[in-house]
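Commentary on secondary and tertiary structure
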Amino acid sequence: MKTMKILFLFLTLICVGKSVGQTKEETITWLKEKLGQYMEGHSRVEDIRLVYINECEMTFTYVVNFGTAGIQNRKLIMPTNVSGIFSIDGELYFNAEVVQDINTDEGWVSYYRKSTLKLANREADIRNRVEKALKHLATFCEKRKETF
């Protein structure tokens, strides 16, 4: 009987060990696929690319086409610790003005509380799943040590 209890305990521990959440690398790989596939902008936005993502932030590049007035090359840098994703339009929002929208041609930067790009709703529950994945990824981001 004692042998059966030990065997049962051992098998339970193995099962619990395998039921742990996704690793940082698995989460980044999944987010690269989904964000690369579903991020979009307004009608003038073209060529959206996810160029970088780690546990703390993600960077996109895109082009704004003004027709005969020309184009602007932009870079969008956002932290992974999103507050949420709006269910109506798919914009990522944050608790502070932490989204950097950089005009790489002219060198100016604007700061926003929400992304200028949005997550298209072309897959079942994709916005909730991406939000959960980003929040999970942000847990791996090392907090900066503050002086006070």
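Residues numbered from 1 in each chain as written. Predicted model: local features only at pLDDT ≥ 70, side-chain atom pairs only at ≥ 80, totals over all residues. Heavy atoms only, no water.

Focus: the overall build of the protein
Looking only at helices and strands, the protein features 3 helices and 9 strands. Mapped from its N terminus to its C terminus, the protein presents α and β elements in the order α-α-β-β-β-β-β-β-β-β-β-α. The buried share of the protein, taken over its 148 residues, is 33%. (Helix = DSSP H or I, 4+ residues; strand = E, 2+ residues; numbered from the N terminus. Buried < 20%, exposed > 50% of the residue type's maximum accessible area, 1.4 Å probe, protein only.)

Overview of helix H3 (residues 126-138)
With 13 residues, H3 should reach 18 Å at 1.5 Å per residue; the first-to-last C-alpha distance of 18 Å fits that figure. Here H3 has its buried residues at Ile 126, Arg 127, Val 130, Glu 131, Ala 133, Leu 134, Leu 137 and Ala 138. Taken around the axis of H3, the buried residues stretch over an arc of 165 degrees, which confines them to a single face. Packing partners of the buried residues in H3 comprise helix H2 (24-38), strand E2 (45-53), strand E3 (57-65), strand E5 (84-85), strand E6 (91-93) and strand E9 (114-119). (Expected span 1.5 Å × (residues − 1). Arc of directions from axis to C-beta. Contact = heavy atoms within 4.5 Å.)

Brief notes about the packing of H2 against H3
What describes two packed helices is the angle between their axes and the distance between those same axes. At their nearest, the axes of H2 and H3 sit 10 Å apart, and the two run at 140 degrees to each other. Considered as vectors, H2 and H3 are oriented oblique to each other. Handedness of the crossing formed by H2 with H3: left-handed. When H2 is examined against H3, the residues Lys 24, Thr 27, Ile 28, Trp 30, Leu 31, Lys 34, Leu 35 and Tyr 38 are found in contact with a partner set consisting of Ile 126, Arg 129, Val 130, Ala 133, Leu 134, His 136 and Leu 137. Taken together, the residues of the contact of H2 with H3 break down into 10 nonpolar, 2 polar and 3 charged. (Axes fitted to C-alpha atoms, helices over the stretch in contact; angles between N-to-C directions. Parallel < 35°, antiparallel > 145°, perpendicular 65-115°, else oblique. Left-handed = near helix turned anticlockwise from the far one by under 90°. Nonpolar A, V, L, I, M, F, W, Y, C, P; charged D, E, K, R; others polar.)

What about the pattern of salt bridges?
In this structure the tally under the stated criterion is 9 salt bridges. Arg 49 is the partner of Asp 47 in a salt bridge, and the nearest nitrogen-oxygen pair spans 2.9 Å. Judged by its relative accessible area of 47%, Arg 49 is partly exposed. The salt bridge partner of Arg 129 is Glu 123, with a shortest N-O separation of 2.9 Å. Residue Arg 129 is classed as partly exposed on the basis of its relative accessible area of 30%. A single network of salt bridges, built from pairs that share partners, joins Glu 33, Lys 34, Glu 123 and Arg 129. (Salt bridge = Lys/Arg side-chain N within 4 Å of Asp/Glu carboxyl O.)

Things to note about the sheet that holds strand E1 (residues 39-40)
An order of E1-E9-E6-E5 is seen for the 4 strands of this open sheet, with the pairing classed as antiparallel. Each end of this open sheet is capped by a strand with a single partner; those strands are E1 and E5. Where E6 lies against E9, 2 bridges are found, and the strand directions are antiparallel. Bridge pairing links Glu 91 to Lys 118 in E9. (Pairing = 2+ DSSP bridges.)

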